[in-house]
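Residues per chain, in single letters:
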Amino acid sequence: PPSSQIGLSGHSVLPDLLLTLGISGSVQFMAGIGRAKYIIAVNNDPGARIFSVAHLGLCCDLYEVLPVISEKASRLKRVIHPD
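Below: a short report on this structure. (Residues numbered from 1 in each chain as written. Predicted model: local features only at pLDDT ≥ 70, side-chain atom pairs only at ≥ 80, totals over all residues. Heavy atoms only, no water.)

1. Focus: the overall build of the protein chain
Note the following rule: The helix count covers DSSP runs of H or I at least four residues long, the strand count covers runs of E at least two residues long, and both are numbered beginning at the N terminus. Note on exposure labels: buried denotes an accessible area under 20% of the residue type's maximum, exposed denotes more than 50%, and partly exposed covers the range between, all computed with a 1.4 Å probe on protein chains only. Pairs of residues are marked as contacts when any of their non-hydrogen atoms sit within 4.5 Å. All accessible areas in this document rest on Shrake-Rupley with a 1.4 Å probe, and a residue is counted as covered only by the protein chains that are shown.
Scanning the protein chain for helices and strands turns up two helices and three strands. Residues counted as buried form 23% of the 83 residues belonging to the protein chain. When contacts within the protein chain are restricted to residue pairs at least 6 apart in sequence, long-range pairs at least 24 apart make up 15% of them. Total accessible area computed for the protein chain in this model is approximately 5700 Å², and 59% of it derives from carbon and sulfur atoms.

2. Examining the pairing of strand β1 (residues 18-21)
The two faces of a sheet get side chains in turn, since along a regular strand they alternate between them. Quick reminder of the rule: We treat two strands as partners when DSSP finds at least two bridges between them. Note on handedness: a clockwise path from strand one over the helix to strand two, with the strands aimed away from the viewer, defines a right-handed crossover.
Every second residue of β1 is oriented toward a common face, the buried set being Leu 18 and Thr 20 and the non-buried set Leu 19 and Leu 21. Both β1 and strand β2 (residues 39-43) contribute to a ladder of four bridges, which runs parallel. Residue Leu 18 lies in a different strand from β2, and its bridge partner there is Ile 39. As a crossover connection, the stretch from β1 through helix α1 (residues 27-33) into β2 is right-handed.

3. Structural notes on the pattern of salt bridges
We count it as follows: Think of a salt bridge as a Lys or Arg side-chain nitrogen and an Asp or Glu carboxyl oxygen that are within 4 Å of each other.
Applying the stated rule across the entire model yields two salt bridges. Of the charged contacts, one joins Asp 16 and Lys 37 as a salt bridge, the two residues approaching to 3.1 Å between their closest N and O atoms. Pair noted here: Asp 16 is in the segment before β1 and Lys 37 is in the loop between α1 and β2, with a separation of 21 residues, a long-range link. By the burial criterion, Asp 16 is exposed, and Lys 37 matches it.

4. Describing the side chain of Thr 20
Note that Thr 20 resides in strand β1. Sequence-distant contacts of Thr 20, that is, excluding residues within four places in its chain, are made with Phe 29, Ile 40, Ala 41, Val 42 and Ile 50.

5. A word on a nonpolar patch on the surface
Quick reminder of the rule: Excluding any residue in a salt bridge, patches collect residues exceeding 30% relative accessible area, merging like charges within 9 Å and nonpolar Val, Leu, Ile, Met, Phe, Trp and Tyr side chains within 5 Å.
Taken together, the side chains of Leu 17, Tyr 38 and Leu 56 present a nonpolar region at the surface, about 270 Å² in accessible area. Inspection of the secondary structure assignment puts Leu 56 in strand β3 (residues 56-59). Judged by its relative accessible area of 36%, Leu 56 is partly exposed.

6. Comments concerning the sheet that holds β2
Note the cut-off: Lines fitted to C-alpha atoms define the axes here, with helix axes fitted over just the stretch in contact, and angles between the N-to-C directions of these axes take values from 0 to 180 degrees.
The three strands lie next to each other as β1-β2-β3, forming an open sheet whose pairing is parallel. One side of each edge strand has no neighbouring strand; the edge strands of this open sheet are β1 and β3. The sheet shows a mean angle of 10 degrees between the axes of neighbouring strands, direction not considered. Inspection of the sheet shows β2 paired to β3 by four bridges, in the parallel sense. Of the residues in β3, the one forming a bridge with Ile 40 is Leu 56.

Right, dumping it as structure tokens:
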């Protein structure tokens, strides 16, 4: 539903870090992320429009990189907020 979408038909976001996975970068989506401070994009299409606004672009299969990102983020969370 639009309430869960980012872009013209949904919400604009202003995160410090936006990690997009498999997002092509449609005009509608790009309108909603324009104020993000740092954008990391993962897409297997080297011509994906999202790379034109990403601060860091990873052209690879998201299913290969996501486990690595998840594991690294999990370690970082333990360092910042040890339980």
